[in-house]
Amino acid sequence: MANKGQKYRQWTAEEKYKIIKPVLDMEKSTHDITREMGLNSGMIYNWIKAYRNNGINGLTPKKKPGNPLSKYSNKKNLTKEEQLEYENMKLRIENEMLKKGFLMKEDGTYVKFMK
């Protein structure tokens, strides 16, 4: 487990495959691999399952979406196109919030609307 302020280790698909290959080839057990590598057995089992279901593509790290507005809110001078994209994105988020039953106050915060 990562310590405070430390990032978790990112594994590439090739690294994951090298780790689970001895298990797939029946050369070693998952228990042996977890002891040797110092990894969690649940993570190894998930990698094996992903590999068996989708091959090497199942081992590629998934992209996490993140905040779409941060790209624009951190810039000081936006081009006209970027300003329009930023405004459009804000309106889309507001629209989704309204669909889910939230109301926006004048200060920009959302309140859950109860019927």
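Since the structure is predicted, the reported quantities are computational estimates derived from the model, not experimental observations.

S.K.: What should I look at first to understand helix H1 (residues 13–24) in this one?
M.R.: An α-helical turn contains 3.6 residues, so a residue and the one three or four places further along point in the same direction. What H1 keeps buried is the set Ala13, Lys16, Ile19, Ile20, Pro22 and Val23. Directly after H1, the chain includes Met26, whose backbone phi takes a positive value near 65 degrees.

S.K.: Please explain the packing of helix H2 (residues 30–37) against helix H3 (residues 41–54) as it appears in this structure.
M.R.: The description of two packed helices rests on the angle between their axes and on the distance between the axes. Between H2 and H3, the least distance of the axes is 9 Å, while the angle of their chain directions is 125 degrees. For the element pair H2 / H3, the angle class is oblique. Between H2 and H3 lies a crossing of right-handed hand. Contacts between H2 and H3 pair Thr30, Ile33 and Thr34 from the former with Ser41, Ile44, Tyr45 and Ile48 from the latter. Residues of the contact of H2 with H3, tallied by class, amount to four nonpolar, three polar and no charged.

S.K.: Looking at this model, I keep getting lost on H3. Mind explaining?
M.R.: The first and last C-alpha atoms of H3 sit 20 Å apart over 14 residues, in line with the 20 Å expected at 1.5 Å per residue. Among all positions in H3, only Ile44, Trp47, Ile48 and Ala50 are buried. Looking straight down H3, one finds its buried side chains confined to an arc of 165 degrees; they lie on one side. Exposed residues lying more than 90 degrees from the buried face of H3 are Asn46, Lys49, Arg52, Asn53 and Asn54. Looking at the packing, one finds that the buried side of H3 touches H1 and H2.

Each value, and the rule that gives it
Residues numbered from 1 in each chain as written. Predicted model: local features only at pLDDT ≥ 70, side-chain atom pairs only at ≥ 80, totals over all residues. Heavy atoms only, no water. Buried < 20%, exposed > 50% of the residue type's maximum accessible area, 1.4 Å probe, protein only. Helix = DSSP H or I, 4+ residues; strand = E, 2+ residues; numbered from the N terminus. Axes fitted to C-alpha atoms, helices over the stretch in contact; angles between N-to-C directions. Parallel < 35°, antiparallel > 145°, perpendicular 65-115°, else oblique. Left-handed = near helix turned anticlockwise from the far one by under 90°. Contact = heavy atoms within 4.5 Å. Nonpolar A, V, L, I, M, F, W, Y, C, P; charged D, E, K, R; others polar. Expected span 1.5 Å × (residues − 1). Arc of directions from axis to C-beta.

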